[in-house]
Amino acid sequence: MGFKKVLFPFVLFNAQAVTDGNTYTSPSVNIQNLDTISLQISWTGTAAGTLSVLVSQDDVTYNALASPTWPALAGSAGKFTIMLNQLSDIYIKIQYANSSGTGVLTASIAGKDLN
């Protein structure tokens, strides 16, 4: 019987208060040897802004994933899940740039290999 690699749910933002004009970046997470990644995002309040998924091979230089585009946090409470498959990068983190309003951001990551 084989061994399945799993990243159990890990909190990236734990009820992070977000305010107008600020940018928030989660800690990086090693996703090496994981085939499927799930990011769960939820927020409350009137926060509006842009969420970016950042990836890196060296945990120093990060680039935003260009496609697909993620749903915007658009001034009222909401939630969504981002599913990512077979990324070749080793590290991942998320960044939220608040353009207006205030609220609370919560995000977590989980993953597994396909074996």
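Residues numbered from 1 in each chain as written. Predicted model: local features only at pLDDT ≥ 70, side-chain atom pairs only at ≥ 80, totals over all residues. Heavy atoms only, no water.

**Student:** Any details on the pattern of salt bridges? Residues and values, ideally.
**Tutor:** Scanning all chains against the criterion turns up 1 salt bridge. Among the ionic pairs, K5 bridges to D113, the shortest N-O distance being 3.4 Å. With K5 in the segment before β1 (6-18) and D113 in the segment after β10 (103-112), this pair connects stretches of sequence that are 108 residues apart. Its relative accessible area of 31% is what places K5 among the partly exposed residues. (Salt bridge = Lys/Arg side-chain N within 4 Å of Asp/Glu carboxyl O. Helix = DSSP H or I, 4+ residues; strand = E, 2+ residues; numbered from the N terminus. Buried < 20%, exposed > 50% of the residue type's maximum accessible area, 1.4 Å probe, protein only.)

**Student:** How would you sum up the side chain of D89? Please name residues and give values.
**Tutor:** Note that D89 resides in the loop between β8 (78-85) and β9 (91-100). K93 provides the closest opposite charge to the buried, salt-bridge-free D89, at an N-O distance of 13 Å. Beyond its immediate sequence surroundings of up to four residues, D89 is in contact with I31, V55, S56 and Q57. (Lys, Arg positive; Asp, Glu negative; His and termini not counted. Contact = heavy atoms within 4.5 Å.)

**Student:** So what's going on with the side chain of S26? Residues and values would help.
**Tutor:** Assignment of secondary structure puts S26 in the loop between β2 (23-25) and β3 (29-30). Given a relative accessible area of 4%, S26 falls into the buried group. Ignoring any residue separated from it by four or fewer positions in sequence, one finds S26 in contact with L12, F13, K93 and I94.

**Student:** Give a description of the packing of aromatic side chains that names residues and reports values.
**Tutor:** Remark: the centre distance and the inter-plane angle together describe each pair of aromatic rings, the angle taken between the planes. Applying the stated criterion to the full structure yields 1 aromatic pair. With a centroid separation of 5.7 Å and 70° between ring planes, the pair formed by W43 and F80 is classed as edge-to-face. One end of the pair, W43, is in strand β4 (residues 36-45); the other, F80, is in strand β8, and 37 residues separate them in sequence. On the basis of relative accessible area, F80 is assigned to the buried category, the value being 12%. The aromatic ring of Y62 is capped on one face by K93, whose charged end is 4.0 Å from the ring centroid. (Phe/Tyr/Trp six-rings, centres within 6.5 Å; stacked < 30°, edge-to-face > 60°. Lys NZ or Arg CZ within 6 Å of the ring centre and 35° of its normal.)

**Student:** Before we move on, could you go through the sheet that holds β4 and cite the residues and values that matter?
**Tutor:** Across the sheet, 4 strands lie side by side as β1-β10-β4-β8; this open sheet has antiparallel pairing. Sheet topology places β1 and β8 at the edges, where each strand pairs with a single neighbour. The sheet shows a mean angle of 10° between the axes of neighbouring strands, taken without regard to direction. With 10 bridges connecting them, β4 and β10 associate as antiparallel partners. Of the residues in β10, the one forming a bridge with I41 is A107. (Pairing = 2+ DSSP bridges. Axes fitted to C-alpha atoms, helices over the stretch in contact; angles between N-to-C directions.)

**Student:** Before we move on, can you summarise the confidence of the model for the protein with the specific residues and values?
**Tutor:** Mean pLDDT over the protein stands at 91; residues scoring 70 or higher make up 97%. When mean pLDDT is taken per element in the protein, β2 scores highest with 97 and strand β7 (residues 73-74) scores lowest with 84. (pLDDT = per-residue confidence, 0-100.)

**Student:** Give a description of the pairing of β9 that names residues and reports values.
**Tutor:** Strand direction decides the pairing type here: β2 and β9, joined by 3 bridges, are antiparallel. Paired with T25 across the strands is Q95, a residue of β9. Sheet topology places β3 next to β9; 2 bridges connect them, and they run antiparallel. Its bridge partner being in β9, V29 is matched across the sheet by I92. Strand direction decides the pairing type here: strand β5 (residues 48-56) and β9, joined by 9 bridges, are antiparallel. Along β9, the bridge assignment pairs V53 with I94.

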